[in-house]
Structures are given as C-alpha cells and as structure tokens.
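# What the coordinates show
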Amino acid sequence: MITVSLCMIVRDEEAVLERCLESVRDAVDEIIIVDTGSTDGTKDIGRKYTEKIYDLPWQDDFAAARNFAFFKGTMDYLMWLDADDVLPGRSLAEFRKMKKTLPEHTDMVMMPYVVAFETDGSPAFSYYRERIVKNGCGYSFTGRVHEVIPPRGNLFYADIPVEHRKIKAGDSGRNLRIYEKMEREGEWFDSRALYYYGRELYFHGKYQKGRRVLESFLERPDGWVENRIDATRQLAGCLYGLGEEGEALRALLRALEYDVPRGETCCDLGRHFQDREKYEQAVYWYKQAFTAKKDLTSGAFIREECYGFLPAISLCVCYDRLGNRKRAEEYNELAGKYQPDSEYYLANKKYFDCGNNE
C-alpha cells in the first residue's frame, strides 16, 4: 500500500481548516502545513493534526509556496488540498481503496475537482486536476497564479471527487494584482498565464485590455486546446461588454476551429440568437448542446448544466416564443428532470398548467 503526504499552504483559514483536515486525516499518512502569514488561529488548529508546520513569507507566488510544501513531504506520494477543500465520506472510502490498489508504476493521480454545486448538492462545475504525484520524481508547480503541475508520466484517473466548499469571499482582486505586477516588472507570460490573465481582466470588467490579452493568447501556437476553446468564450464576453456583438459572435464561432463544439459554446451561441429573437437559430444551437463533446478527463472547465438543464429550459422559452406550446412544455418537463427544484422550471410549469386549464 502506498503512503501519502498531504502538503498544504494556508493563511488565515481558521474557519475552514479543521473541516478540511477532519475529512482527510484518516486517508493520509503525513500532514504538512505551510503558513504564509496567518494572523488568526490557523496554526493552532493545524497543531491538532500535525507537528509539521512551517512558516514561509508570502511572495505573490502560489507555485513557490506549494513547491516548498512538497519539499517537506516524506511519503511515497505527495497530495495537495486547499484549506476550503473537503474529501467527502464517499471519496474517503474510495481513497483508502485506491491506496491499496494503485498500479505500481503510477506517477500522477488525476481526480475530479468540484468547485460549484446545484441546489440539490450535485456538481455544477467540475474538472479533473493533478492531485497526487510520486515523490522524488521532479514534479513541481509552475505559475504564480493558477499554479499547475504539467501532467507527465503514467497518469491514473481516479473517480474520487474533491469538493471545494468555500464559506467566505476571498480577495477577488488578488490574482489580477499579481498578473499586473508581473506585467509591470516585465516578467514573461507563458501561454497558460496569458490565458488566465485574460480571464481575470474579463471578470473584472476590463474588456478592452482583456480583448487584447485573449487575442494574443489565441495567436500563440502552443496554447492548450481546451484553454483556446474557453478563451473564445471569454473573448466574446469582452466584446459584448464593448458593444461589438458581431465580433462576439465570430469569437464564439472561432471555437469550432479547435474541435467539435462543447456544450458551453453551444449554449453561448444559443443565447446570442435568443437574445436577438432569432429563435430558430437559437433552437439549433441549444439542441447541439445535448450531444456536444464532454470529456470529463480532459481537464476542461465543465458546466454540467450546459449539457442538460440549460439547453432544455432555454428550448422551452424559444419554442414558446415560436408559438409551439406543446414542444415548449415538453422541454420544460425535460428541464425538470435535470433540476426538479429549479425556480424557472416550477414557474414555467405553473404557466403551462394555467394555460391548459383555460
């Protein structure tokens, strides 16, 4: 059976750290905690679970901090978690089993990361991440922000979800400040950093600069295909923000250069035409979302609703606008199968029930 070091970086996490460590303490063989400047009771909580707590001054570099934590790990494999992550009970049992059955030559274990949830608790947004790596094989994080260990070696995909259960708002401007500092200091942006910089600019409403950065990323020959596809959506968002609707549509269609469409792109295209009352075109794209490519192991950001609920509820609206009440009601019922507690489904159901009783 393999042994696993949990290697964490923390700062002012007293509200969530105990929850995290309780969820994983029986799964790992060693806990390493690197504190980057807490002023609350974070380290006191950590001491309940481990004596291996280290201080590291924060240097606006997540990769450097995580690599320091990895350097302290002594077990066969190294695992990372954020303080507001949880290994749920169902995953804990599978994790213990995996430790006993992991193929001998495994270098890296990829696990689902669930970062958003529906009202019923089911995953709304998830993607596979490199979660565990073999110790002593030169694995390290890269990237000051959105740090990553580039996958290599023998990968093992384990269907053992880690859940990101944030309970307080973080510093929403931190990542953008780090990227802007990198730019001011003339630091080189690799393609991945350029992509994430563009995303941050878009999320903060800096549409003109976001457009330039995302277009620069899409011109790079080495961008990862899933990042390229997602970048077309972020670029479209910038262009909508600038009032350039035609260019936004062309940005969305640019995703088709890289691969068959994803559900997220199909729904964005459907919304584009729906908002302009071009309902037949909207219907076409929403229907494509049901059969769009969704590779859970690709590492892409996957919005589950774009492959079921969202196209269904949108088709309900479009068919109602087209005067086809029967099809509209059918798609509303389909939406209800995906999300039976949705306020939109329930409001539509009431609307159709009233019409049917007239």
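Everything here concerns the structure above.
Here the structure is a predicted model, which is why all the values come from computation and not from measurement.

Rules used throughout
- Residues numbered from 1 in each chain as written.
- Predicted model: local features only at pLDDT ≥ 70, side-chain atom pairs only at ≥ 80, totals over all residues.
- Heavy atoms only, no water.
- 1 Å grid on protein atoms, 1.4 Å probe; cavity = no way out; pocket = protein on both sides within 12 Å on 5 of 7 lines; lining within 4 Å.
- Points joined across faces, edges and corners; volume = space filled by probe spheres on them.
- Nonpolar A, V, L, I, M, F, W, Y, C, P; charged D, E, K, R; others polar.
- Core = buried A, V, L, I, M, F, W, Y, C linked by side-chain atoms within 4.5 Å.
- Buried < 20%, exposed > 50% of the residue type's maximum accessible area, 1.4 Å probe, protein only.
- Contact = heavy atoms within 4.5 Å.
- Helix = DSSP H or I, 4+ residues; strand = E, 2+ residues; numbered from the N terminus.
- Expected span 1.5 Å × (residues − 1).
- Axes fitted to C-alpha atoms, helices over the stretch in contact; angles between N-to-C directions.
- Parallel < 35°, antiparallel > 145°, perpendicular 65-115°, else oblique.
- Left-handed = near helix turned anticlockwise from the far one by under 90°.
- Salt bridge = Lys/Arg side-chain N within 4 Å of Asp/Glu carboxyl O.
- Phe/Tyr/Trp six-rings, centres within 6.5 Å; stacked < 30°, edge-to-face > 60°.
- Lys NZ or Arg CZ within 6 Å of the ring centre and 35° of its normal.
- Pairing = 2+ DSSP bridges.
- Right-handed = clockwise from strand over helix to strand, strands pointing away.

## Regarding empty space enclosed by the protein
Here the idea is plain: a probe the size of a water molecule rolls over the atoms and shows the empty space left. According to the stated counting rule, one finds two cavities of 30 Å³ or more in the structure shown. Within this model, the largest cavity holds a volume of roughly 40 Å³. Forming the boundary of the largest cavity are Glu118, Thr119, Asp120, Tyr338, Gln339, Pro340, Asp341 and Ser342. Tallied by class, residues from the lining of the largest cavity come to two nonpolar, three polar and three charged. Approximately 30 Å³ is the volume found for the second largest cavity. The wall of the second largest cavity is formed by Thr36, Leu56, Pro57, Trp58, Gln59, Asp61, Ala64 and Ala65. Of the residues assigned to the lining of the second largest cavity, the class counts are five nonpolar, two polar and one charged.

## A few points about the nonpolar core
Leu6 and Phe95 are the most contacted members of the largest nonpolar core, which totals 103 residues. Setting aside chain neighbours within four positions, we find leucine 6 in contact with Leu21, Val24, Val28, Glu30, Ile31, Ile32, Met79, Trp80 and Leu81. Formed by five residues, the second largest nonpolar core is a distinct cluster that contains Phe309, Ala312, Ala335 and Tyr345.

## Observations concerning helix H11 (residues 279–290)
Under the 1.5 Å per step criterion, the end-to-end length of H11 is 17 Å for twelve residues, consistent within 8% with the ideal 16 Å. Residues of H11 that are buried sit in contact with helix H9 (245–254), helix H10 (263–275) and helix H12 (309–321).

## Let's talk about the packing of helix H7 (residues 207–219) against helix H8 (residues 225–241)
At a minimum axis separation of 9 Å, H7 and H8 run at an interaxial angle of 155 degrees. Viewed along their axes, H7 and H8 adopt a mutual orientation that is roughly antiparallel. The chirality of how H7 crosses H8 is left-handed. Contacts between H7 and H8 pair Tyr207, Gly210, Arg211, Leu214, Glu215, Phe217 and Leu218 from the former with Asn227, Arg228, Ala231, Thr232, Gln234, Leu235, Gly237, Cys238, Leu239 and Gly241 from the latter. Residue classes in the contact of H7 with H8 are distributed as eight nonpolar, six polar and three charged.

## As for the pattern of salt bridges
Applying the stated criterion across every chain yields a total of 34 salt bridges. Arginine 233 serves as the salt-bridge partner of aspartate 268, at 2.7 Å between the closest nitrogen and oxygen. Note that aspartate 268 is positioned in helix H10 and arginine 233 in helix H8, a separation of 35 residues in sequence. For arginine 233, a relative accessible area of 16% translates into the label buried.

## Regarding the packing of aromatic side chains
Using the criterion set out here, one finds 21 aromatic pairs in the structure. Relative to phenylalanine 62, the ring of tryptophan 58 lies with its centre 4.8 Å away and its plane at 70 degrees, an arrangement referred to as edge-to-face. For phenylalanine 62, a relative accessible area of 13% puts it in the buried group. Between tyrosine 319 and tyrosine 331, the ring centres sit 5.7 Å apart and the planes meet at 5 degrees, which makes this aromatic pair stacked. Residue tyrosine 319 is found in helix H12, and its partner tyrosine 331 is found in helix H13 (residues 325–338); the two are separated by twelve residues along the sequence. A relative accessible area of 9% places tyrosine 319 in the buried class. Against the face of phenylalanine 141 rests arginine 66, its NZ or CZ located 5.9 Å from the ring centre. Taking NZ or CZ as reference, arginine 131 lies 3.9 Å from the ring centre of tryptophan 80, over its face.

## With respect to the pairing of strand E1 (residues 4–10)
Working note: regular strand, side chains alternate between the two faces of the sheet. Burial of E1 is extensive: seven of the seven residues sit out of reach of the surface. Residues Val4, Leu6, Met8 and Val10 of E1 are buried on one face, and the alternating residues Ser5, Cys7 and Ile9, pointing to the opposite face, are buried as well. Summarising the sheet, E1 and strand E4 (residues 77–80) pair through four bridges and their orientation is parallel. Each residue of the ladder has a partner; that of cysteine 7, found in E4, is tryptophan 80. Bridge count for E1 against strand E2 (residues 30–35) is six bridges, and the pairing is parallel. When the bridges of E2 are listed, methionine 8 appears paired with isoleucine 33. The parallel pair E1 and E2, bridged by helix H1 (residues 17–24), forms a crossover whose chirality is right-handed.

## Details of H8
Spanning 17 residues, H8 covers 25 Å between terminal C-alpha atoms, matching the ideal 24 Å at 1.5 Å per step. Among the 17 residues that make up H8, 14 are buried, leaving the element largely enclosed by the rest of the structure. At the exit of H8 stands glycine 243, carrying a positive phi of roughly 80 degrees.

## Focus on the packing of helix H6 (residues 191–203) against H8
In contact at an axis separation of 10 Å, H6 and H8 are set at 30 degrees when each is read in the N-to-C sense. It follows that H6 is roughly parallel to H8 by the angle criterion. Crossing of H6 against H8: the hand is left-handed. The residues of H8 that touch H6, namely those facing Arg192, Tyr195, Arg199, Tyr202 and Phe203, are Asn227, Asp230, Ala231, Gln234, Gly237 and Cys238. Its residues placed into classes, the contact of H6 with H8 shows five nonpolar, three polar and three charged.

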